[in-house]
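Fold and contact review
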Amino acid sequence: MTDQHANARPVAPAAARVAALEALLVERGVITSDAVDAVVDVFEHEVGPQNGARVVARAWMDPGYRARLLADGTAAIAELGIGGAEGENMRVVENTDDVHNVVVCTLCSCYPWPVLGIPPVWYKSAPYRSRMVREPRAVLAEMGLDVPVRKDIRVWDSSAHVRYLVLPERPPGTDGLAEDALAALVTRDCMIGVAVPVLAP
Amino acid sequence: MSGPEHLPFDEPWQARLFGMAVTTCRAAGWEWDEMRDRLKGAIADAPGRPYYESVLAAFERLLADKGVALPA
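Residues numbered from 1 in each chain as written. Chains lettered and ligands numbered in written order. Predicted model: local features only at pLDDT ≥ 70, side-chain atom pairs only at ≥ 80, totals over all residues. Heavy atoms only, no water.

**Considerations on the domain arrangement of chain A**
- Split by domain assignment, chain A resolves into domain 1 (13-45) and domain 2 (48-192).
- Spacing between the C-alpha centres of domain 1 of chain A and domain 2 of chain A amounts to 31 Å. (Domains from an automatic or database assignment.)

**Some remarks on the nonpolar core**
- Grouped together as the largest cluster of nonpolar side chains are 83 residues, with contacts concentrated most on Val55 and Tyr128 of chain A together with Met20, Met35 and Phe59 of chain B.
- Here this core spans two domains, and each of domain 1 (13-45) and domain 2 (48-192) of chain A adds at least three residues to it.
- Among residues more than four places away in sequence, those in contact with Tyr128 of chain A are Val102, Val103, Val104, Trp122, Tyr123, Val139, Met143, Ile192 and Val194 of chain A. (Core = buried A, V, L, I, M, F, W, Y, C linked by side-chain atoms within 4.5 Å. Buried < 20%, exposed > 50% of the residue type's maximum accessible area, 1.4 Å probe, protein only. Contact = heavy atoms within 4.5 Å.)

**A look at helix α4 (residues 49-61) of chain A**
- An ideal rise of 1.5 Å per residue puts 18 Å on 13 residues; α4 of chain A measures up with 18 Å between its terminal C-alpha atoms.
- Of the residues making up α4 of chain A, those classed as buried are Pro49, Asn51, Gly52, Ala53, Val55, Val56, Ala57, Ala59 and Trp60 of chain A. (Helix = DSSP H or I, 4+ residues; strand = E, 2+ residues; numbered from the N terminus. Expected span 1.5 Å × (residues − 1).)

**Examining helix α3 (residues 33-46) of chain A**
- Given a rise of 1.5 Å per residue, 14 residues ought to cover 20 Å, and the 19 Å separating the end C-alpha atoms of α3 of chain A matches this to within 8%.
- Within the sequence span of α3 of chain A, burial applies to Val36, Val39, Val40 and Phe43 of chain A. Seen from one end, α3 of chain A has its buried residues packed into an arc of 95°, which puts them on one side. Exposed residues on α3 of chain A whose side chains face more than 90 degrees from its buried face are Asp34 and His45 of chain A.
- Looking at the packing, one finds that the buried side of α3 of chain A touches α7 (113-116) of chain A together with α1 (12-28) of chain B. (Arc of directions from axis to C-beta.)

**Some words on the side chain of Ser158 of chain A**
Residue and element names in this part refer to chain A.
- Position of Ser158 relative to the elements: it lies in the loop between β3 (152-157) and β4 (163-167).
- For Ser158, a relative accessible area of 3% translates into the label buried.
- For Ser158, the contacting residues outside a window of four places in its chain are Val103, Val104, Cys105, Cys110, Tyr123, Arg163 and Tyr164.

What follows is the structure in structure tokens.
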């Protein structure tokens, strides 16, 4: 190991390389730091799973919306004013008594930004990407979700062409809840399919 | 939106890199697919490498392929 380190050309830490790239691109007039700030701010504060949760809660409240959502995810999501890059071809898959859906991107990290934001670290990890397709029931159990054996598990591989969002089942005991309260039950993981919504005790 | 599980980036440079890649593709008129294709390649080349380091390698490759000279 020591020899390899001694012989290898030193590589600057990632943070330094990123800073150097930004300085270069700004100097060349390709980008401005203000534009980068604006993109980062949107993804840190505005775009995130709260958008997807609104979609799910509306679908639970409104059967007509639910039907439109399952028929044309992109258009129905746009009805709520949500859309943009990486959300152009949305397909919504519905959990039922018989089927549990879960989403993965086996090749990289395709993910529906407008409804879920930036993917979590584990979604981008090699073990999740490779194992979810082969042994979904085991991986889900390790992540804390025991899917009843009566349910089929369908694994959807996100790609450049289609992004998936899981529509979870509405938990029992939520009949009296308003849409905002329903949305609060819907986490990012529920919409990837590695968890299901539960009513807090 | 609250709680650490919603924070999309572990370190500031990751946010900077992501924002820079998105901004550069928009400004230059490059399809995000061009970045994505290189990210797939970077992940396949080094499956154990941390994700954002693969993003960085992919972005550097994209710039090089587009003829943007990088600092040594």
